[in-house]
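Examining the three-dimensional arrangement
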Amino acid sequence: MTDFALPEASPQADAAFRAGLDAGKFLIQRSTTTGAYNFYPRALSPTTGADDLEWVEASGKGTVYASTIIRRPAKFGGDINNVLVDLDEGPRLFTRIIGCENEDIKIGMKVQAVVMTPDFGPNAKSGEPAVFFKPA
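Predicted model, so just to flag it, every value in this text is computed and none were measured. One numbering rule holds for all chains: residues counted from 1, following each sequence as written. Since the coordinates come from a predicted model, pLDDT governs what is reported: local features require at least 70, and pairs of side-chain atoms require 80 or more to be given and counted, while whole-chain, interface and lining totals use all residues. Side-chain measures were taken over the full set of non-hydrogen atoms in the model, leaving aside hydrogen atoms and water.

**Examining the sheet that holds strand S2 (residues 37-38)**
Backbone hydrogen bonds hold the strands of a sheet together, and the pairing may be parallel or antiparallel. Selection rule: When DSSP finds two or more bridges between a pair of strands, those strands are recorded as paired. Helix numbers and strand numbers start at the N terminus; a helix is a DSSP run of H or I with at least 4 residues, a strand a run of E with at least 2.
Spatial ordering of the open sheet is given by S2-S1-S3, a layout of three strands whose pairing is antiparallel. Bordering the open sheet on either side are S2 and strand S3 (53-57), each of which pairs with just one other strand. Bridge count for strand S1 (residues 27-31) against S2 is two bridges, and the pairing is antiparallel. In the sheet register, glutamine 29 faces S2, and the bridge partner there is asparagine 38.

Take a look at the structure:
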């Protein structure tokens, strides 16, 4: 059996992603060898293990792959949606849709990324921007 050490997490990759958000940009990584995109930020390509990842601005265009509504009492903020979005570049990410009623979110719906500091959830408390989506 061959000894194999997993690579350490990359705080630099996370810092670069967050710096992009601070500048109002949604950045993802692309392999310079294969051209494949990946998200969430990593130190190594998840498909090849290479360290040839570069930062590029995502188009922000995507399609709803799956959606669910979490029902909560109004005193706890009311209902929220949790959505999986397939970016046009390929990666799939977990997010929320803003700017429409939860019941209007449909699988196959076209969406566009928005970088913002929300007035809800943990990012509201921290003041950090995050990526959300709105109907396209």
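**Let's talk about the pattern of salt bridges**
Pairing is possible between side chains of opposite charge, provided their charged atoms come close. Where we set the bar: Criterion for a salt bridge: a side-chain nitrogen of Lys or Arg within 4 Å of a carboxyl oxygen of Asp or Glu. Burial classification: accessible surface area is computed with a 1.4 Å probe over protein chains only, and a residue below 20% of its type maximum counts as buried, one above 50% as exposed, and the rest as partly exposed.
Within the structure shown, the criterion is met by six salt bridges. Notably, a salt bridge pairs aspartate 14 with arginine 18, separated by 3.3 Å at the nearest N-O pair. With a gap of four residues between them, aspartate 14 and arginine 18 both fall in helix H1 (residues 11-22), about one helical turn apart. Residues glutamate 54 and arginine 30 are paired through a salt bridge, measuring 2.8 Å at the closest nitrogen-oxygen approach. Taken together, the positions of glutamate 54 in strand S3 and arginine 30 in strand S1 put the pair 24 residues apart, joining distant regions of the chain. Looking at arginine 30, the relative accessible area reads 25%, which means it is partly exposed. By sharing partners, the salt bridges in this structure join Asp14, Arg18 and Glu128 into a single network.

**Some thoughts on the UniProt feature "domain: ChsH2 C-terminal OB-fold" (unreviewed entry) in the chain**
Here is the rule: UniProt positions are given in the numbering used here, feature names are shortened, and annotations may be inferred rather than shown by experiment.
UniProt's entry tags residues 55-115 with the feature "domain: ChsH2 C-terminal OB-fold" (unreviewed entry), counted in the numbering of this structure. Span residues 55-115 is 0% helix and 51% strand, its end C-alpha atoms 16 Å apart.

**Regarding the domain arrangement of the chain**
Selection rule: These domain boundaries are the output of an automatic or database domain assignment. Any pair of residues with heavy atoms lying within 4.5 Å of one another is described as a contacting pair. A quick way to say it: buried area is the sum, across both parts, of accessible area lost when two parts are put together, with a 1.4 Å probe.
Per the domain assignment, the segments making up the chain are domain 1 (8-57) and domain 2 (59-135). Placing a centre on the C-alpha atoms of domain 1 and another on those of domain 2 gives a separation of 21 Å. Opposite the 12 residues of domain 1 that make contact, domain 2 presents 13 residues. Taking both sides of the interface into account, the surface hidden between domain 1 and domain 2 amounts to around 910 Å²; carbon and sulfur atoms contribute 78%. Looking only at domain 1, the three residues that lose the most surface to domain 2 are Leu21, Phe26 and Phe39, adding up to 54% of its buried area. Linking domain 1 to domain 2 there are one salt bridge.

**Concerning the sheet that holds strand S5 (residues 80-87)**
The test is simple: Lines are fitted to the C-alpha atoms to define the axes, a helix being fitted only along its stretch in contact, and any angle between axes, read from their N-to-C directions, falls within 0 to 180 degrees.
Sheet architecture is open: five strands sit in the order S6-S5-S4-S7-S8, paired in antiparallel fashion. A single partner strand is all that each edge strand has here, and the edge strands are strand S6 (92-95) and strand S8 (130-135). The average angle at which neighbouring strand axes cross in this sheet is 40 degrees, direction not considered. Examined bridge by bridge, S5 and S6 share four bridges and lie antiparallel to one another. Following the sheet pairing, valine 83 is matched in S6 by threonine 95.

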